[in-house]
Amino acid sequence: MLDYPWTDAPAPGAAIALAPGVLWLRMPMPMAPRHINLWAIRDRDPQTGLRGWTIVDAGLHTQETIDHWEALLSPSGALEGEPILRVVVTHLHPDHAGMAGWLTRRFDAPLSMTEREHRACCAMFDEDGREAPDDVLAFNRRAGWSDEQITRFRSRFGSFGRLIHPPPREYRVLRDGETLQIGDYAWRVVVGRGHSPEHACLHCPGLKLFISGDQVLPRTSSNVSVVPSEPDGDPIADWFDSIDRIRETVPDDVLVLPAHNLPFRGLHARLDQLATTTTSSLDALRSSLDCPRRVVDMFAPLFGRPILEYELLILATGEGQAHINHLLQRREAVACRIENGVAWYCAAAA
């Protein structure tokens, strides 16, 4: 149902031209999915006429990523030695925002993000070196984490912040529906929710391109999680609303530029798939609630297996909580009891 015009991705430190003035870059990551796609768009300063680039997303703050950026920025590199005039970050996660501070400081370039994403990104950076807050530990314990898992979490708290170069505290706020003039083309901001608080996608009608970040991925469904700071949130509802809104506002003839995997065509078909996958997960969870379950007991019906790898535990916990919160909001599930700080859930009475 999806069409992939390119079968090969650019090597780190290189680029592939996708459309006039639009380059596809890729940076490696030390964890799955092992890469992130970035985008360079030909731009010029409206006041000085200086030619350069707008960069959309920046990669993790690692020495390897810095080396690849140096190659791209060199006079013989894919960016032809021209300066970066602006950095746009779709959302807070370190693979997207990690190098934004490095790039903006190097070129004295402004950063553009939505307000909630910038605030959350700064908060994540500030966690490095701090002790895990009691409310976060209580959130994980309520989900059913073991003492060993809690101890490991304490020891690794703040590790994501280490993958973010100090983010600029001064930035330009992106707002849903506004238009950015980047070079010769207008790009409209389309905000999606669910995967993150206020994820900025970019739609260029003139080039028929849609930079989707993590909001629409072709081969995986983005993690949709409850976060400890909003334990009663319903990001699944936000996810469904965003799927509907993107379908209504972005035409199906665009080339979708996702953060991971390959560019593709078939946006509306993929949105339908994402909605169907989430609905199926909710159905599987609902069917399993004939007996009380903790969030950690929901991994098998949601993901088809227990989650034993610590690296996936945080994501799985947030996603499990998101699914049960959605059923709670719809009054299809209830919290049966709280026992030693652990919450148990079951199906609501008919």
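Scroll up for the structure.
Please read all numbers here as calculations on a predicted model, not as lab measurements.

### Focus: the overall build of the chain
The secondary structure content of the chain amounts to 10 helices and 15 strands. A compact globule built from 350 residues should have a C-alpha radius of gyration of about 20 Å, and the chain, at 21 Å, falls within 12% of that. Overall, the C-alpha framework of the chain stretches about 65 × 45 × 35 Å when taken along its three principal axes. For the chain, the residues scored as buried account for 53% of the 350 residues in total. Summarising the internal contacts of the chain: among those between residues at least 6 apart in sequence, 63% fall at separations of at least 24. As displayed, the chain offers around 15,400 Å² of accessible surface, 50% of which is attributable to carbon and sulfur atoms. Placing the 35 positive and 46 negative side-chain charges of the chain at their respective mean positions leaves the two points 1 Å apart.

### Concerning the layout of surface pockets
Estimates place the volume of the second largest pocket at around 300 Å³. What lines the second largest pocket is a set of 16 residues, among which Asp43, Arg44, Asp45, Pro46 and Arg86 lie closest to the centre. Going through the elements one at a time, β3 (35-44), β5 (84-88) and β8 (179-182) are the ones with two or more residues in the lining of the second largest pocket. Ranked by residue count, the leading element in the lining of the second largest pocket is β5, at 3 residues. A per-class count over the lining of the second largest pocket returns 7 nonpolar, 3 polar and 6 charged.

### Examining helix α3 (residues 100-107)
Along α3, the residues that are buried comprise Ala100, Gly101, Trp102, Leu103 and Thr104. Aspartate 108 sits one or two positions beyond α3 and adopts a positive phi of about 50 degrees.

### Structural notes on the pairing of β8
In regular strands, side chains alternate between the two faces of the sheet. The alternating pattern of β8 places Leu180 and Ile182 on a buried face, while none of Thr179 and Gln181, on the opposite face, is buried. Where β8 meets strand β9 (residues 185-192), 4 bridges bridge the pair, whose relative direction is antiparallel. Looking at β9, one finds that isoleucine 182 is bridged to tyrosine 185. In textbook terms, the turn of a hairpin is the stretch between consecutive antiparallel strands, and for β8 and β9 this stretch comprises 2 residues, one of which, glycine 183, has a positive phi near 60 degrees.

### With respect to the sheet that holds strand β2 (residues 22-28)
As summarised here, the arrangement of the 7 strands in space is β1-β2-β3-β4-β5-β6-β7, forming an open sheet in which the pairing is mixed. With partners counted over all chains shown, the strands left at the sheet margins are β1 (16-19) and β7 (172-174), one partner each. Strand-to-strand twist of the sheet, defined as the mean angle between neighbouring strand axes without regard to direction, takes the value 30 degrees. Direction of pairing for β5 relative to strand β6 (residues 111-114): parallel, over a ladder of 2 bridges. By the bridge assignment for β6, valine 87 is matched with leucine 111. Here helix α1 (residues 63-73) sits on the sheet in contact with β2, β3, β4 (51-56) and β5, set at roughly 150 degrees to β2. In the packing of helix α4 (residues 115-126) onto the sheet, the strands contacted are β6 and β7, and the crossing angle to β6 comes to about 105 degrees.

### Some details on the nonpolar core
Trp145, Phe153, Phe210, Val216, Ile246, Leu267 and Ile324 are the most contacted members of the largest nonpolar core, which totals 48 residues. When contributions to this core are tallied by element, the ones reaching two or more residues are α5 (134-143), α6 (147-156), α7 (235-249), α8 (267-288), α9 (299-303), α10 (310-329) and β15 (342-347). Per-element tally for this core: the top contributor is α8, with 7 residues. Those residues in contact with isoleucine 324 that lie beyond four places of it in its chain are Leu285, Leu289, Val295, Met298, Ala333 and Tyr345. Listed in part, the 32 residues of the second largest apolar core include Leu60, Ile66, Leu92 and Ile164.

### What about the state of the cysteines?
All told, the structure shown has 1 disulfide when counted by the stated rule. There is a disulfide in this structure between cysteine 336 and cysteine 346, and the S-S distance comes to 2.3 Å. With cysteine 336 in strand β14 (residues 333-339) and cysteine 346 in strand β15, this residue pair connects regions lying 10 residues apart in the sequence. A relative accessible area of 31% places cysteine 336 in the partly exposed class. Left without a disulfide partner, cysteine 204 is nearest to the cysteine sulfur of cysteine 201, which lies 14 Å away.

About the cut-offs
Residues numbered from 1 in each chain as written. Predicted model: local features only at pLDDT ≥ 70, side-chain atom pairs only at ≥ 80, totals over all residues. Heavy atoms only, no water. Helix = DSSP H or I, 4+ residues; strand = E, 2+ residues; numbered from the N terminus. Rg over C-alpha atoms; globule rule 2.2 N^0.38 Å. Buried < 20%, exposed > 50% of the residue type's maximum accessible area, 1.4 Å probe, protein only. Contact = heavy atoms within 4.5 Å. Areas by Shrake-Rupley, 256 points an atom, 1.4 Å probe, with all protein chains shown as cover. Lys, Arg positive; Asp, Glu negative; His and termini not counted. Charge placed at Lys NZ, Arg CZ, Asp CG, Glu CD. 1 Å grid on protein atoms, 1.4 Å probe; cavity = no way out; pocket = protein on both sides within 12 Å on 5 of 7 lines; lining within 4 Å. Points joined across faces, edges and corners; volume = space filled by probe spheres on them. Nonpolar A, V, L, I, M, F, W, Y, C, P; charged D, E, K, R; others polar. Pairing = 2+ DSSP bridges. Axes fitted to C-alpha atoms, helices over the stretch in contact; angles between N-to-C directions. Core = buried A, V, L, I, M, F, W, Y, C linked by side-chain atoms within 4.5 Å. Disulfide = S-S within 2.5 Å.

Honestly, it's all geometry; don't read function into it.
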